[in-house]
Amino acid sequence: MALVTTKKMFEDAYKGGYAIGAFNVNNMEIIQGIVGAAKNLKAPVILQCSKGARDYAGLKYIVKMVEAAVEESGVPIALHLDHGPDFETCKQCIDGGFTSVMIDGSSLPYEENIALTKKVVEYAHAHGCVVEGELGTLAGVEDDVVVEEGNESYTRPEEVEDFVNRTGVDSLAIAIGTSHGAYKFKPGQKPQLRFDILEEVGKRLPGFPIVLHGASSVMPEYVQMINEHGGSMPDAIGIPEDMLRKASSMAVCKINVDSDLRLALTASIRKHFDENPGHFDPRQYLKPARAAIQDVVEHKMKNVLGCEGKAE
Ligand code: G3H
Ligand code: 13P
Ligand code: ZN
């Protein structure tokens, strides 16, 4: 099996009321942990690489490791550029073998976002690659952002329709209340997602795949493990799993998770060194860390995404 685009994955996910997990990769152990879960559960999966991950590992290393994972796993895998910042980065990834790219023009004025996204779509489609765009800014948790001002960054459904029609983009990330990182909400704050926006988008563009960024649940067991083994993370609240499950049953076909993987990896390594202070062979601590990644991904696939068995 070769790398695939997300086209059929999303068509099936939309019809079936589930979502595909898009997990960020930076090294071999993370790739192996994610793909081990996908293989075990017979689930399609998206491996996504940020510009930062590409600068860290090198484009060629990422592509070759992912190609090895494809050969080993036997499940459909797409290789996606996460948060592509400009045309040139998208082009390099398309030329380098990625099957999907995101062009993140969300911080640009609307018409500039359209023009840039359209340019990437034209190049990508001519090379058999699909494109994710972004419209709206993910709701932030900055201290000085009051709720009313936060509302302004939510995506407007009427703009989604116009944006998709004018750019030809294959999927779109929208802002309905998620945010990036491990500190999404303040202690005591109640997480809320704007399902009304999602519903309206679904009515205006039936069958069109929507993407949720910033969708880690910030799994408390790993935050606790980090703190029990020498770390000091403040209380962190993520997106509740039942909300993500509901979103997956609606127009959301791709759910991005990075922070939960970072937490699991770090918690596992901290625990290992706490319990084995004399160890210095990387295999001794990277093996359980890789297993922790696999556990998290299996948990997401079963309880959040609903994509278990969908590669059969
Ligand atoms: O949304 C961003 C992802 O978590 C990737 O983060 O740019 O630090 O690799 P990064
Ligand atoms: P989290 O920080 O919630 O894991 O989101 C990751 C993401 O959106 C990557 O694009
Ligand atoms: Zn993101």
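Above this note sits the structure.
Residues numbered from 1 in each chain as written. Chains lettered and ligands numbered in written order. Predicted model: local features only at pLDDT ≥ 70, side-chain atom pairs only at ≥ 80, totals over all residues. Heavy atoms only, no water.

J.: Before we move on, can you summarise the site of ligand 2 with the specific residues and values?
T.: Residues in contact with ligand 2 amount to 16 residues; listed here are only the nearest, Asp82, Lys184, Ser216, Asp258 and Ser259. Histidine 83 places a polar side-chain atom, nitrogen or oxygen, 3.2 Å from an oxygen atom of ligand 2. A distance of 2.7 Å separates an oxygen atom of ligand 2 from a polar backbone atom of serine 259. Coverage of ligand 2 by the protein amounts to 96% of the 310 Å² it exposes when considered alone. Mapped by element, the contributors of at least two residues to the shell around ligand 2 are strand 3 (77-84) and strand 8 (252-257). When grouped by side-chain class, the residues that make up the shell around ligand 2 number two nonpolar, 11 polar and three charged. (Near = heavy atom within 4 Å. Polar contact = N/O pair within 3.5 Å; in protein donor to acceptor, adjacent residues only side chain to side chain. Areas by Shrake-Rupley, 256 points an atom, 1.4 Å probe, with all protein chains shown as cover. Helix = DSSP H or I, 4+ residues; strand = E, 2+ residues; numbered from the N terminus. Nonpolar A, V, L, I, M, F, W, Y, C, P; charged D, E, K, R; others polar.)

J.: Outline the packing of aromatic side chains, supporting the account with residue identities and numerical values.
T.: Scanning the entire structure with this criterion turns up three aromatic pairs. Ring geometry for phenylalanine 87 versus tyrosine 123: centroids 5.8 Å apart, planes at 80°, classification edge-to-face. Highlighted residues: phenylalanine 87 in helix 5 (residues 87-95) and tyrosine 123 in helix 6 (residues 110-126), separated in sequence by 36 residues. In this structure phenylalanine 87 comes out as buried when scored by relative accessible area, which is 18%. Given the relative accessible area of 18%, tyrosine 123 is considered buried. Looking at arginine 194, its charged tip hangs above the ring of tyrosine 154, at a distance of 5.0 Å from the centre. (Phe/Tyr/Trp six-rings, centres within 6.5 Å; stacked < 30°, edge-to-face > 60°. Buried < 20%, exposed > 50% of the residue type's maximum accessible area, 1.4 Å probe, protein only. Lys NZ or Arg CZ within 6 Å of the ring centre and 35° of its normal.)

J.: Requested: an account of helix 11 (residues 241-249), with residues and values cited.
T.: Of all the residues in helix 11, the buried ones are Met243, Leu244, Ala247 and Ser248. One side of helix 11 holds all its buried residues, which, seen down the axis, span an arc of 140°. In this fold, the buried residues of helix 11 make contact with helix 9 (195-204), strand 7 (210-212), strand 8 and helix 13 (282-305). (Arc of directions from axis to C-beta. Contact = heavy atoms within 4.5 Å.)

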